[in-house]
Each structure stands twice: as C-alpha cells, then as structure tokens.
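In case you want the letters, here they are:
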2 protein chains.
Amino acid sequence: MRVRLEDVARATGVSPKTVSRVLNEESSVKESTRQRVLAAMESMNYRPSPAARGLAGSRSFLVAMLYDNNNNPASTYLAEIQDGVLDACDAHRYSMMVSPVRMRDKDFTRRVDALVSDHHVDGVVLTPPLTDSAPLLQRLKEHGVPHASISPVQHKGTIGVCMDEQQAARALVEHLVALGHRRIAHIVGIADHGASRWRLAGYKDALAGAGIPLDPDYVVQGEFTFGSGVIAARQLFALPALPTAIFAANDDMAAGVMWAANERGLKVPRDLSVCGFDDTPMAVQLWPPLTTVRQPSREMGKLAALQLMDLLRGRGPGLLVQVPYELMQRESTAAAP
Amino acid sequence: MRVRLEDVARATGVSPKTVSRVLNEESSVKESTRQRVLAAMESMNYRPSPAARGLAGSRSFLVAMLYDNNNNPASTYLAEIQDGVLDACDAHRYSMMVSPVRMRDKDFTRRVDALVSDHHVDGVVLTPPLTDSAPLLQRLKEHGVPHASISPVQHKGTIGVCMDEQQAARALVEHLVALGHRRIAHIVGIADHGASRWRLAGYKDALAGAGIPLDPDYVVQGEFTFGSGVIAARQLFALPALPTAIFAANDDMAAGVMWAANERGLKVPRDLSVCGFDDTPMAVQLWPPLTTVRQPSREMGKLAALQLMDLLRGRGPGLLVQVPYELMQRESTAAAP
DNA sequence: CCGCAAATTGACAGCGCTGTCATTTCTGTC
DNA sequence: GACAGAAATGACAGCGCTGTCAATTTGCGG
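What you see is a predicted model, and the numbers here were worked out from it, not measured in a lab. (Residues numbered from 1 in each chain as written. Chains lettered and ligands numbered in written order. Predicted model: local features only at pLDDT ≥ 70, side-chain atom pairs only at ≥ 80, totals over all residues. Heavy atoms only, no water.)

This part covers the pairing of strand E6 (residues 184-188) of chain A. All names here are of chain A. Most of E6 is tucked away: five of the five residues are buried. Residues Ile184, His186 and Val188 point to one face of E6 and Ala185 and Ile187 to the other, with burial holding for every one of them. Judged from the four bridges that link them, E6 and strand E8 (residues 245-248) form a sheet pairing that is parallel. Across the sheet, Ile187 pairs through a bridge with Ala248, a residue of E8. With three bridges joining them, E6 and strand E7 (residues 219-221) adopt parallel strand pairing. From the neighbouring strand, His186 faces E7, where its bridge partner is Val219. Running through helix H9 (residues 194-210), the crossover from E6 to the neighbouring parallel element E7 is right-handed. (Buried < 20%, exposed > 50% of the residue type's maximum accessible area, 1.4 Å probe, protein only. Helix = DSSP H or I, 4+ residues; strand = E, 2+ residues; numbered from the N terminus. Pairing = 2+ DSSP bridges. Right-handed = clockwise from strand over helix to strand, strands pointing away.)

Here is the structure:
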C-alpha cells in the first residue's frame, strides 16, 4: 500500500534508522549510503508520514502563521504574506497552519496553547501587530516555541524581516517637499503599531530636514482603515489653512482621503496631493493612481519563514533581515497649487 | 507531562478504548460512563494528539482548502472564505490546511496527492474555479476524498454552498432598466467560471424581460481583473453609441470601468451608471460607492465546511445549501441620461 | 598488522491513539 | 430464574517513525 521508511531501508539494504537519518539530514551518514538511500526514496516515490514523524519525534515540521483577526491589517496584505510563508514551506517540506487570533479577547493566547500542545508546531510566524504582544511572546517563550516576526517593533533579539519604514516615509515626504509642498499633513495609524510610529517619525524627519515647522493640527489620528481616512481627511479639510498634501500612513487611509476629497470637490492632485504606504493592489486602481511606498509583502513572508526554518533546522542562528523599500511615484502627487 | 488518553482512562476507571470511543462520539457507550469520561477529560484538560489519532486511525481531522493561485479570484474574497472555513473547523475541532494550486500547471493535481497521501486530509473545500476542474475532481475521487464546493457550476451530486447568481444578476440589471437604461453593456468574466455564465445569463434574462434586444457589441470579454475592466470599458467607449450603463461581472472590473470613465472624462453616475458583483470591501471605497450584489463569502466558506464535516462525521448526507443574495444599491447607478 | 578513537550503522522500544475481535454485562422473555 | 441476543467494555497489536544506546566498521599511528 503505502511506501514506508522500512521499505526504502529494505530496498537499500540498510536499517530503517539509517534511512531516517538521511531523511532528517543528519551528518553522520556516509556520503555513498546517503546517495543510495536518496536514490531509492526517489525511485520508490517515498513520502514520509507527517503524523508518524510528529508522534515519534520531537519535531512536527509544522509552522503556524498567526494574525490578528479583529480587522487589521488589510486582508490583501495578510494574503500575500501567507503566500510567501507557503512558498518557504514548500521549499523545506514544512506544512503551515493559519491561525487567526483576536487580540482583544482576554485569553487570546489560548489559541497558541492549542497550536502548541495539540499540533506541536515547531515555530510560529507573527504578523503585525502580534509581533509585539507581550502576553503572546511570553506564552511562546513558556512553550519554548521560536518565532519569526514580520515588521516587529522590537528589533533586538528578534528574528524575521523588517523594512526601514522610517526612511521610506521620510523619502516619501521629501518627495512632496520637492514638489513645493509646505503644508503637509499626516494621518497616523493605530497607535501601538510599529508602522504608525515609524511612518510618523519619517514624516517628522523630512519636515525637520526641510526646515518646515511641525504643525500639530496637521497630524491627525487614523486607524489604518478606509473609513478612518475619510474622517481624518474631513477633519483636515475643516482647518482654516488646508494642507496641500496629505501623507496617509497606509493605502487604505489614502483611499479614504481621496474619497473625502471627491466628496469635498477637491481635485487630486491639482488641489491636493495624496500619498499612502504599502502599495497594495488598490493603489493603482484608484483614480488617480496613488503615490506610495512599495512593501514586498510576499517576499517578506517568505523571508521571515525561511529565517525561522533555518533556525529550526539548525542552519544558522536566524536573523532579522531587512528588505528594501521602493518609492512608487504615481499621479496622486503633483506640484503644490 | 502530557495528559494522555490512558490517564483519563485510569482516572475514570475504564479502559483506554472506552475513552477513545467517547472521544470519537461512538454510540455504543453507556450514557453514564460517557458523562464520567467527559468530566474527567474536562477536569484533566485532556487534549487528544492529532498526530497519534492520524497515525493510528483512519481519520486525520484535517481538511484542506484549495484555491487557484494564478490570480483569481480576488484575495479578499478568498481571505473571507478562509475565515469562514476556520470558523467551521473551530466548531468541530478540525484543523485546516490551505493549499494554493496553479491550475495552469500541467500536473497541478500533484498538490492534491501530497495533501492526501502525506497528510491524509479527511476532506477538501474547493473554491472557484477549482470546483469544476475535471482532473482535480477525478483525482479526489481516486483518492476517495470527499469535497465541498463553493459556488460550483455543476450542482448535481455536489455538496457545498451556492447562491442564485443568475437571479441576482437579473435583479441588478432590472434595477438599471427601472432607472430608464436601455443601452446596458455587460463585461463578462473568465469564460469557464460558473460565475461568468450565471451573471451573463441573468443579464440576458433581464434584457429579455424588458423587451430590450441583445446587442452583441455591448457584451465584451473581461478576466475578472481590474485591468481587464479598464480595457473592456475602453472598448465600449469606442462604440458609436455609448452604453448608458455597464454591468461588470465583478467589483474589480467595475472599479476598472470607473477608472476608465475617469480617464475618458465621463462622470459616474451622471454620464454612466456602473455596477459590479460581489460587494467586496472595495465597493464602498470607490467614488461614487458601487452598486453591486452582496455575496456573504465568509458565511459561504463556513457553510460549505460545515456540510463537509457533517458528511465526514456521518451526520447527514451533505447538502448543497443556497444562501440569499442582497442587492446593494449605492451611488454609482442613477437615472439614464 | 594491531590497537584505539572516531565514524557509521543497527536493534529495539515506544510515541498516543484506534481497529479488530473477544469478553463481559445487561435486557427482556417465558 | 435460566437463556438468547443485544449492549457495553476491554485486551492487544500496531500505525510509521525517531530516540537511545549498543555494535560494528573505518581510519590511522606505530
């Protein structure tokens, strides 16, 4: 029926344990035997049973991707990350489970317990804002389960992937300054997200660099959602001196700004320049297409998962790798009126 | 260390096999024993090992959700379905794996083989357009793995969930007719998707019902993507007699139409009414907000998975349940000019 | 050619559960 | 109250793999 380890062993003339060693890439196997075993596995189309490996061994070859299910961040972002993690899993014969958690719930770490004690996941990939949830990190540590983070706030001692968002935001705002804008507003994201802080910091850096004083009225709070972008924009439009450019901390809010601009009869970019952050698919679907910063989400998911697996497989220590950003100049920004 | 079945058995004073029976909801256990065992499980916080169950038994308590990774349909749609399937899994203590497949690849059914022979998935949830891929269905049948489909073309003998898309499309177009439109165009989706056929059929029904002759020039081919919507719209705008309304087979293409309308200087809905299908989050983020048909994706994912699990657990035969649609009238449609 | 440490390999038990089949305990019946 | 048949329970092996530790082979200096 099913080809088992034992069958491969018999075909090769070695013990099952040796085949097991080859399967697990242990070093203490003579190269010649290794080749023979590998050849037999290949020709017999051997596929190890994850259940048996999980039951007998200490590893499950399972990683879980956790995400906050409350609403944020945008589902396209998560979907891309998920695909990236799956890419990495394919490459190293790991399987992936996805697990939404509701951070608002008091005992949301229960989910982690289930994942760890039921499925014995070997590691976990964390997406924002889970990356910096103290109770979650604590629980993972208690379980002894390593994790990789995507865009974590805390860089020290963390493995995963990040981007220099502050620098990216700065570059974006400098682009606005170069277009002659002086009254530049910023819509901040959810407070405890690293992304919000970095993007705000980059905004401030750019203003300071250009010698533009920071006007508190021009910095309004949003929540990363389209609707919050609309509200924030209306707030800005109510100011005595309207900004000539608005930098929203993500594309969703930027879309909201453009919506509110339409509502108000402002023409983008003639009357108002708008830019966002993330370069979600929506960015090019807006009219006019949105100037934003491209974040390679799928790549980031893949890299984070690869770092995690390197760690799990004892290949290297696991790093926090940095990916480059890219400024996407489109038609939503133009010279100041 | 870990609480095992045996521990529960000892605590209750029964054999491990009896505890196993309770765990698996077998009927041949006296109610009183069942209660005692259940109580012990609860108080000892017993959690069965999926690996051991999978290895020893014939069931894995795993379902897989398959989707086409080429690009379609929109990731937000899939994400919602995924959340729905996860809801159902939570309810019945199943686990879920997600598996993107590339239908274009010649041997994309390999993925299924891996899922089935490696992980022994008990069942599979199919999303469009996988629901009607003959090679895939064939492979599943060979493996003896049941599946539930979301919006399958072939209703007969299929379990899962569907919506009366034809009727919904008809209602949508009738809405346009009621607004006085006579020159109504339709942008068709990818040819072999059921959604494309139904929506086209509903469009034709409505026209016929209103006594409007079908003009082949007004039916153009799209691919469900934003870009294809733009192209299709340009094509329609090149016609001698411009349509006064365009019904795109999904929201993405409708967004493309609105983009092209902007490009062409047409004002929606004054010069042109536009409507889509699906009610993705984007629909309310467009300017003006898009008239469309709401499809309860998450609910559909959940229902399909529940039907599958009912079947797997021997509870009922597994049905094809129908969910209601809802017409979302927004500002992108108005009286004909 | 021998002895010893290092490199390879193997024997065996057991991970936590369920399938099979045997056994015990109830039912209701006359 | 004895008995057939149904209901409930248990004994035991084994799912396919890996951890532990022992056995064997190899390489090398003398």
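What relates the pair of chain copies is a rotation about an axis plus a shift along that axis. Expressed as a screw operation, the relation of chain B to chain A combines 0.1 Å of axial shift with a rotation of 180°, fitting to an RMSD of 0.2 Å. These values place the two chain copies in the arrangement generated by a two-fold rotation axis. When C-alpha distances to the rotation axis are compared across chain B, the minimum falls at Ala51(B), with a value of 2.2 Å. Of all interface residues in chain B, 100% are interface residues in chain A too; the two copies therefore contact each other through one and the same surface. (Least-squares fit on C-alpha atoms with pLDDT ≥ 70 in both. Contact = heavy atoms within 4.5 Å.)

Residues and elements named next belong to chain A. Ordered in space as E7-E6-E8-E9, the four strands form an open sheet in which the pairing is parallel. Each edge of the open sheet is held by one strand with a lone partner, namely E7 and strand E9 (273-275). Each neighbouring strand pair of the sheet contributes to a mean axis angle of 20°, computed without reference to strand direction. Against the sheet, helix H8 (residues 165-178) makes contact with E6, E8 and E9, and its axis sits at roughly 170° relative to E8, the strand it touches most. This element, helix H10 (residues 226-237), spans E6, E7 and E8 of the sheet and lies at about 145° to E6. (Axes fitted to C-alpha atoms, helices over the stretch in contact; angles between N-to-C directions.)

The next point concerns the domain arrangement of chain A. Where the parts come together, the accessible area they lose is often given as the size of the interface. Residue and element names in this part refer to chain A. Its domain assignment divides chain A into domain 1 (5-48), domain 2 (62-163 + 297-325) and domain 3 (165-294). Using only C-alpha atoms to locate each centre, domain 2 and domain 3 end up separated by 29 Å. Viewed at the interface, domain 3 and domain 2 are joined by zero salt bridges. At the junction of domain 2 with domain 3, the criterion picks out one residue pair in polar contact (both at pLDDT 80 or more). In terms of residue class, the side of domain 2 that touches domain 3 is built from six nonpolar, four polar and one charged. (Domains from an automatic or database assignment. Salt bridge = Lys/Arg side-chain N within 4 Å of Asp/Glu carboxyl O. Polar contact = N/O pair within 3.5 Å; in protein donor to acceptor, adjacent residues only side chain to side chain. Nonpolar A, V, L, I, M, F, W, Y, C, P; charged D, E, K, R; others polar.)

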